[in-house]
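Breakdown of the fold
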Amino acid sequence: MGRGKLRIYLGAAPGVGKTYAMLSEAHRRVERGTDCVVGFVEHHGRSRTEVMLHGLEQVPHRELEYRGSFFTEMDVDAVLRRAPAVALVDELAHTNVPGSRNAKRWQDVEELLAAGIDVVSTVNIQHLESLGDVVESITGIRQRETLPDEVVRRADQIELVDMSPQALRRRMAHGNIYQPDKIDAALANYFRPGNLTALRELALLWVADRVDEYLNEYRSRHQVSAIWGSRERIVVGLTGGPEGRTLIRRAARLAEKGAGGEVMAVYIARSDGLTSASPKELAVQRTLVEDLGGTFHHVVGDDIPAALLDFARGVNATQIVLGSSRRKAWQYVFGPGVGATVARESGPDLDVHIVTHEEVAKGRGLPVARGARLGRTRILAGWLVGVLGPVVMALLLNTVDLGLANDMLLFLALTVAAALLGGLLPALASAAFGSLLLNYYYTPPLHRLTIADPRNIVAIAIFVAVAVSVASVVDLAARRTHQAARLRAESEILSFLAGSVLRGETSLEALLERVRETFGMESAALLERESEVAPWTCAGSVGPGAPVGRPEDADVDVPAGDHMALALSGRVLPASDRRVLAAFAAQAAVVLDRQRLQKEAEQARTLAEGNRIRTALLAAVSHDLRTPLAGIKASVTSLRSDDVEWSDEDRAELLAAIEEGADRLDHLVGNLLDMSRLRTGTVTPLIREIDVDEVVPMALGGVPEDSVELDIPETLPMVAVDAGLLERTVANLVENAVKYSPLGSSVLVAASALADRVEVRVVDRGPGVPDEAKERIFEPFQRYGDAPRGAGVGLGLAVARGFAEAMGGTLSAEDTPGGGLTMVLTLRAVNGAHHPIRVAEPERQTT
């Protein structure tokens, strides 16, 4: 019996309908006469799912006892004995109760498949092992039940069960997924629109990659070489020239016009490792294509058109983007060029775009390196061997007769030696001088520059041709070796520059010191001026005697911007070094701008911090002080009134109100003094580790009894906050929530742990606030719609946000599911550690 087939329904989140789709398929198979049973399906109290189980044969479950409780699991042995054609097994990533046959349910499924039973199962994208970290960063929850990706990848069929986040939240709100007492918490935490959108994207991308694997496997198995345009894949051929940026942007625009377009930039290098491309330009183009969502590839191949077409067909590309040739008109005598060759050989399924650019017909090719590539000593030795060697050789051969053939070989050996030592010119001199000596001394008639035998003419001509060819090859190898060494050195230097950019190094002096050391200079300085006629000033310098006056006073100066120049003193650099020096100059200008931007950002941050705290102080003074003062004044006025005879109980009640208002004022003034010290920078918030459930109840003294409901688990991790600022923050949030809640509706204050943070949520059922006004309500002296007092959102929100940010937290507003506004206060958990999670729901307190 062969192995069974596995079909998986993959979803982005619970409730999208995976189990329902699986059961629907089971009914269709039963109607077609297929022997289909339910191995294990849990309906979780969902009525529609439970109804779908009717009419399907269910294999009895196995009941296991663990720590005093009884659990049901799939009975693998019973399913194997039943031996159906198809078995339904829900929740593939489920962890079995200790004592089960296997630790994981997917292992149970493997046994069924090995027995020849087809299995239909379900799994959510968050349960894939490779996506655990990503899912945790999105939802703040680490999935404990996972399964290897390979288990899902091996499935014969994978079907995505998709649902929009809005539709899923509606299903949740209607009670189709969780029980009513869990709906609000689920909508406010895991089932947020952002979470669901991100998980949906993960599921779509994972399935799309799997579809690509299926397609490539099919093409390979059936040896399909033709391009299938399932989606637009655009290959950009790069040469390392400046036109590459234009080609990449053009390809990106083409990709945007089609659904799922993909851009792949490819640079083809010769197999000998030598290239005329600028490493710096290639690095810039790599960054550009990656920023635009594409990928960069490096391919080796001597036949550039063939390598480019092979790459395009290998990735199933549909279009190729190339730049117009940079060759000059006369260079076309050597061939049609890469663009024309690729267009001719691309075939009917691969479109080729030739894009014009500013570098057209400006020429290209290997730069000719000038100067002593082999060193002066070697060149001098080459000239000595090339000029004096033939004379010495002629004197030696005059003493012995070896024959013309041997004489030519000896002179050829001298020419090769001259080429190895001194390069092309000494070798050419050796070949010319040696041919004259051979003609004069060893070819009849002797001691005359004429040749009687035509065969000797051919021999000497071959000698000269071989000598020149060998000399050219040796010189070319030396030139290429020098070029490769230089490009390697330049690449290392430019790699350092790129690394410094990625590491965010901002020290101008360190960069200038690197320039001085790299080029062996005595000093280096970065000069700048405000305009073309303004005097130069020194932005930074290293080394003794740095040129700080004018760039012209230095031995070497390179422009670093419109009004900047890098000046070096010590020696005059060759022109070949100025290209790398220009990269250093550009980086120096960037570092200087970055330093100044950081200073400006720090100043702006300081000003914003001061303005934020000042605003919070003003709001607190105008809002929080007024209420207790009004209560104190009213009580005092009542006590001083002669028109009313107060009883002892009434008098005590008024005095208690005065005392309570005075206490609130004293507490608030203390916090305001701390904030004023924060404004001047003389004190910082007293951050310490505290429990949220110790502080939040203390903030509810200013609201009516029975108006607030607390849901704060004792198992929450501790938070790093200032207790006084946290109390005032929660107090302001609760007061505003109570103020705008409808009569008979209480405010919920709940707290939960998410990853390395703790969220405190103040939930009301009031009129709510539109999305466009959610940030404006936190501005001081602003109420939503500028409504009069008694409507909208109070000023306490500005105070609350100022205090929250002073503690390193955040405060934001969200819609309450079903209507209302939810204030979300996020605090830093201590070490991100969580206490053990309790199974039972936390008890709610009412205050």
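Scroll up to find the structure.
All of the points below concern the structure found in this document. Residue positions within a chain follow its written sequence, with the count starting from 1. Where totals are concerned, whole chains, interfaces and linings use all residues; where local detail is concerned, this predicted model gives features only for residues with pLDDT of at least 70, and gives and counts side-chain atom pairs only at 80 or more. Think of the side-chain values as coming from all heavy atoms in the structure, minus any hydrogens and water.

Description of the overall build of the protein
- When helices and strands are counted, the protein shows 24 helices and 25 strands.
- Categorising residues by exposure relies on relative accessible area from a 1.4 Å probe, with only protein chains included: less than 20% of the type maximum marks a residue as buried, more than 50% marks it as exposed, and the intermediate range marks it as partly exposed. Burial analysis of the protein (847 residues in total) assigns 44% to the buried set.
- Pairs at least 24 apart in sequence give 71% of the contacts found in the protein among residues at least 6 apart.
- The Shrake-Rupley method, run with a 1.4 Å probe, gives the accessible areas here. Residue values count only the displayed protein chains as cover. Of the accessible surface of the protein, which amounts to about 43,600 Å², a share of 55% is contributed by carbon and sulfur atoms. Every helix listed is a DSSP run of H or I at least four residues long, and every strand listed is a run of E at least two residues long, numbered separately from the N terminus. Any two residues whose heavy atoms approach within 4.5 Å at even a single point are treated as in contact.

Some words on the nonpolar core
- To form a nonpolar core, buried Ala, Val, Leu, Ile, Met, Phe, Trp, Tyr and Cys residues must be joined to one another through side-chain atoms within 4.5 Å. In terms of nonpolar packing, the biggest core is built from 59 residues, with L88, L92, L112, I125, L147 and W206 touching the most fellow members.
- The biggest single contributor to this core is helix α9 (residues 193–221), with six residues.
- Apart from residues no more than four positions distant in its own chain, L147 is found in contact with L92, A93, W106, V123, H127, L128, E129 and V152.
- Grouped together as the second largest cluster of nonpolar side chains are 46 residues, L700, V758, A773 and V799 included.

Brief notes about a negative patch on the surface
- Only residues whose relative accessible area exceeds 30% and that take part in no salt bridge are eligible for patches, with like-charged residues grouped when within 9 Å of each other and nonpolar side chains (Val, Leu, Ile, Met, Phe, Trp, Tyr) grouped when within 5 Å. In what follows, salt bridge is the name for a side-chain nitrogen of Lys or Arg lying within 4 Å of a carboxyl oxygen of Asp or Glu. In this tally, Asp and Glu contribute negative charge and Lys and Arg positive charge; neither His nor the terminal groups of the chain are included. We put the charge of a Lys on NZ, of an Arg on CZ, of an Asp on CG and of a Glu on CD. On the surface, D648, E649, D650 and E653 cluster together into a negatively charged patch.
- By the secondary structure assignment, E649 is in helix α21 (residues 648–680).
- By relative accessible area, which is 58% here, E649 ends up exposed.

Thoughts on the packing of helix α14 (residues 376–397) against helix α16 (residues 424–442)
- Axis definition: a line fitted to C-alpha atoms, over the contacting stretch in the case of helices. Angles run 0 to 180 degrees between N-to-C directions. The geometry of α14 relative to α16 is characterised by a closest axis approach of 8 Å and an angle of 10 degrees between their N-to-C directions. Between α14 and α16, the angle falls in the class roughly parallel. The segment α14 lies against α16, with I379, G382, W383, G386, V387, P390, V391, M393, A394 and L397 engaging L425, P426, A429, S430, F433, G434, L437, Y441 and Y442.
- Under the convention adopted here, Pro, Cys and the residues Ala, Val, Leu, Ile, Met, Phe, Trp and Tyr are nonpolar, Asp, Glu, Lys and Arg are charged, and Gly plus all remaining residues are polar. Across the contact of α14 with α16, the residue classes break down as 15 nonpolar, four polar and no charged. Any angle that is under 35 degrees is reported as roughly parallel, and any over 145 degrees as roughly antiparallel; angles of 65 to 115 degrees are reported as roughly perpendicular and all others as oblique.

Re the environment of T197
- By secondary structure assignment, the location of T197 is in helix α9.
- Distance from T197 to Q166, taken between C-alpha atoms, is 9.4 Å for residues 31 residues apart in sequence.
- Side-chain atoms alone can form a polar contact between residues adjacent in sequence; in general such a contact is a pair of N or O atoms within 3.5 Å, and within protein one must be able to donate a hydrogen while the other accepts it. There is a polar contact of 2.8 Å between the side chain of T197 and the backbone oxygen of P193.

Comments concerning the pattern of salt bridges
- According to the stated counting rule, one finds 21 salt bridges in the structure shown.
- Linking R82 and E57 is a salt bridge whose minimum nitrogen-to-oxygen distance equals 2.8 Å. Taken together, the residues R82 in helix α3 (residues 76–82) and E57 in strand β3 (residues 57–58) connect sequence positions 25 residues apart.
- By relative accessible area, R82 is classed as partly exposed at 28%.

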